[in-house]
Amino acid sequence: MGTVGQKYKNGAWVVSGSIRGGLVLLAVAALISGCAGPAATGVPPQRPLNAPPALAGDLQADKTRIRAARLRAEQARIAVARRWGLKEVPLTAPPAPATKPRITTRHGFEVDGHEEKGLPPVFTTVPTEQKIVFLTIDDGAEKDPAFLRMMSELKIPYTAFLSDYLVKDDYGYFARMRDAGVVLNNHTLHHPYLPALSYARQQREICGMQDVMEKRFGTRPTLFRPPYGNYNEDTLRAARSCGITYAPIWNEEVFVDHWEYRESDQDLHPGDIVLSHFRGRKDWKGTMPDMVRRFLNRITAEGYAVARLEDYL
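All values reported here derive from a predicted model rather than from experimental measurement. For every chain, the first residue of the written sequence is number 1, and numbering continues from 1 along that sequence. It should be noted that, the model being predicted, local features are given only for residues of pLDDT at least 70 and side-chain atom pairs only at 80 or more, the latter also being counted only at that level, while totals for whole chains, interfaces and linings use all residues. The basis for every side-chain value is the complete set of non-hydrogen atoms in the structure, without hydrogens or water.

*Asks:* Before we move on, can you summarise the overall build of the protein chain with the specific residues and values?
*Replies:* Starting at the N terminus, helices and strands are each numbered in turn, a helix being any DSSP run of H or I of at least four residues and a strand any DSSP run of E of at least two. Of regular secondary structure, the protein chain possesses nine helices and 13 strands. Here the protein chain holds 313 residues, and 45% of them are scored as buried. A 1.4 Å probe and the Shrake-Rupley method give the accessible areas. Residues count as covered only by the protein chains that appear here. For the protein chain, the accessible surface area stands at approximately 16,300 Å², while carbon and sulfur atoms represent 54% of it. Remark: exposure states derive from per-residue accessible area (1.4 Å probe, protein chains only) relative to the maximum for the residue type, with buried under 20%, exposed over 50%, and partly exposed in between.

Have a look at this one:
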């Protein structure tokens, strides 16, 4: 049974209608019913139905209010970006596609009989021509309140993959994340090197985390990321048995002070999945907001927006 692993080498990750018309129709209906004349209603005859003189002015006033509201919203976005030290306002992702792209396992990342056995696809990039990337954050060690505020104020979507042994000391932190619209996903109970475990033990790691997620956060995830990006056929079989549909990994990883790349061109590509971790000064030369700042400054400068991964699956 083959094992697929991820290793960083030489700077890259490699694999082992109208108002007036409506009024006219109402008037005609009233005449036909005999209820429109003064004898029937005691109401003096009305003047001919013409467009209200103030209609054009009202429409212009509405346009002015809309423009003012948009200006205020843009000024607020600029203020938030400045408050968090960004060089530019992050770009807004396009609407989610009405028809989802077909997700398949990346070439070279398959296990034997991967598609024929209906195993969850393993992929690093979502098929799209739009200049979007997806931010995913793993494990749950650092629980920085400033990170939650930053992502909420900037309205940046991201996906979390959680391991129970790191999140269990503060489930409430991740519940707040969920309440803000972040999808929480499965990264096993204890973050082991899965290919070294039997099928049964892998299943306990993955299904056990499904149970935790349902108990603590109300849902059983459909996304699973194998720790370290390492997996074999048993991993994917176990994941499928636990209700997992997709096994996304990543194409780039962002840290506080640098990026790492899977591709030799050392660049971003439309639909790339970007990995980071819940880490702080204990492990990094900075904080999670510092990491987000580096991430956003880079992708914005290159014309990319951050999209929500689940919207494309």
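*Asks:* Describe in detail the pattern of salt bridges, supporting the description with residues and values.
*Replies:* Whenever a carboxyl oxygen of Asp or Glu lies within 4 Å of a side-chain nitrogen of Lys or Arg, that contact is scored as a salt bridge. Under the criterion given, the structure shown has 17 salt bridges. Between Arg77 and Glu74 there is a salt bridge whose closest N-O contact spans 3.3 Å. Taken together, the positions of Arg77 and Glu74, both in helix 3 (residues 55-83) and three residues apart, correspond to about one turn of that helix. Assessed through its relative accessible area of 32%, Arg77 is described here as partly exposed. The class of Glu74 is partly exposed, set by a relative accessible area of 34%. One salt bridge in this structure joins Asp138 and Arg225, with 2.8 Å as the shortest N-O distance. Taken together, the positions of Asp138 in strand 5 (residues 132-139) and Arg225 in the loop between helix 7 (199-217) and strand 8 (231-232) put the pair 87 residues apart, joining distant regions of the chain. The two residues Asp138 and Arg225 agree in class, both being buried. Put simply, Asp139, Arg279 and Asp283 are held in one network by salt bridges that share partners.

*Asks:* Lay out the nonpolar core in plain terms, naming residues and giving numbers.
*Replies:* Counting residues in hydrophobic clusters, the biggest one holds 46 residues, and the most contacted among them are Phe147, Leu162, Met177 and Phe295. Elements supplying a minimum of two residues to this core: helix 3, strand 5, helix 4 (145-154), strand 6 (159-162), helix 6 (171-179), helix 7, strand 11 (259-261) and helix 9 (288-301). A total of six residues in this core trace back to one element, the largest contributor, which is helix 9. Here, residues are in contact when the closest pair of their heavy atoms is within 4.5 Å. The contacts of Phe147, once residues within four sequence positions are left out, are Ile137, Tyr158, Tyr173, Met177, Phe278, Met288, Pro289 and Val292. Here the nonpolar core consists of buried residues drawn from Ala, Val, Leu, Ile, Met, Phe, Trp, Tyr and Cys, with membership extended through side-chain atoms lying within 4.5 Å. Among the nonpolar cores identified, the runner-up in size contains 24 residues, and Ile103, Val111, Leu275 and Leu313 belong to it.

*Asks:* Tell me what's going on with the layout of surface pockets, and back it up with residues and numbers.
*Replies:* Estimated volume of the largest pocket: approximately 370 Å³. Here a cavity means grid points, on a 1 Å grid over the protein atoms only, where a 1.4 Å probe fits yet cannot get out; a pocket means an open set of points with protein on both sides within 12 Å along at least five of seven lines; lining residues are those with an atom within 4 Å of a point. Around the largest pocket sit 21 residues that line it, and Leu91, Thr92, Leu154, Lys155 and Pro157 are the ones nearest its centre. At the level of secondary structure, the elements contributing two or more residues to the lining of the largest pocket comprise helix 3 and helix 4. A per-element tally of the lining of the largest pocket places helix 3 first, with three residues. Taken together, the residues that form the lining of the largest pocket break down as 15 nonpolar, one polar and five charged. Grid points are joined across faces, edges and corners, and a volume is the space filled by probe spheres set on the points. Put simply, Ala, Val, Leu, Ile, Met, Phe, Trp, Tyr, Cys and Pro go in the nonpolar bin, Asp, Glu, Lys and Arg in the charged bin, and everything else, Gly too, in the polar bin.

*Asks:* Can you lay out the environment of Pro120 for me, pointing to particular residues and giving the numbers?
*Replies:* Relative to the helices and strands, Pro120 resides in the loop between helix 3 and strand 4 (122-123). Given a relative accessible area of 3%, Pro120 falls into the buried group. Sequence separation between Pro120 and Leu236 is 116 residues; the distance between their C-alpha atoms is 6.3 Å. Contact partners of Pro120, with chain neighbours within four places excluded, come to Thr105, His114, Leu236, Arg240, Ile244, Thr245, Tyr246 and Ala247.

*Asks:* Give me the state of the cysteines: which residues, what numbers.
*Replies:* For this text, the term disulfide refers to a pair of cysteine sulfurs within 2.5 Å. For the structure shown, the criterion picks out one disulfide. What pairs with Cys207 in a disulfide is Cys242, and their sulfur atoms sit 1.8 Å apart. Across the S-S bond linking Cys207 and Cys242, the dihedral sits near -90°, which makes this disulfide left-handed. With Cys207 in helix 7 and Cys242 in the loop between helix 8 (233-241) and strand 9 (247-248), this residue pair connects regions lying 35 residues apart in the sequence.

*Asks:* I'd like a description of helix 7, backed by residues and values.
*Replies:* Under the convention used throughout, the expected extent of a helix is 1.5 Å for every residue step, that is, one less than its residue count. Under the 1.5 Å per step criterion, the end-to-end length of helix 7 is 26 Å for 19 residues, consistent within 8% with the ideal 27 Å. Along helix 7, the residues that are buried comprise Gln202, Glu205, Ile206, Cys207, Gly208, Met209, Gln210, Val212, Met213 and Phe217. If you follow the buried residues of helix 7, they end up packed against strand 6, helix 5 (164-167), helix 6, strand 7 (183-186), strand 8 and helix 8. With its phi angle positive at about 95°, Gly218 sits one or two positions after the end of helix 7.

*Asks:* I'd like a rundown of the environment of Arg216, residues and numbers included.
*Replies:* Looking at the secondary structure, you find Arg216 in helix 7. Sequence-wise, Arg216 and Phe174 are 42 residues apart; in three dimensions their C-alpha atoms are separated by 9.4 Å. Sequence-distant contacts of Arg216, defined by excluding residues within four places in its chain, comprise Tyr171 and Arg178.

*Asks:* Requested: an account of helix 6, with residues and values cited.
*Replies:* Looking at helix 6, one finds that the buried residues are Tyr171, Tyr173, Phe174, Ala175 and Met177. The secondary structure elements touched by the buried residues of helix 6 are helix 4, strand 6, helix 5, strand 7 and helix 7. Directly after helix 6, the chain includes Gly181, whose backbone phi takes a positive value near 100°.

*Asks:* Lay out the side chain of Gln202 with the relevant residues and their values.
*Replies:* Residue position: Gln202 is located in helix 7. For Gln202, a relative accessible area of 0% puts it in the buried group. Polar contacts, as counted here, are pairs of nitrogen or oxygen atoms within 3.5 Å of one another; within protein the pair requires one atom able to donate a hydrogen and one able to accept it, and residues that are adjacent in sequence qualify only if both atoms are side-chain atoms. Within the structure, Gln202 has its side chain in polar contact with the backbone oxygen of Leu197 (distance 3.2 Å). In terms of polar contacts, Gln202 uses its side chain to reach the side chain of Thr235, at 2.5 Å. Beyond its immediate chain neighbours, meaning those up to four positions away, Gln202 contacts Leu194, Pro195, Leu197, Asn232, Asp234, Thr235 and Ala238.

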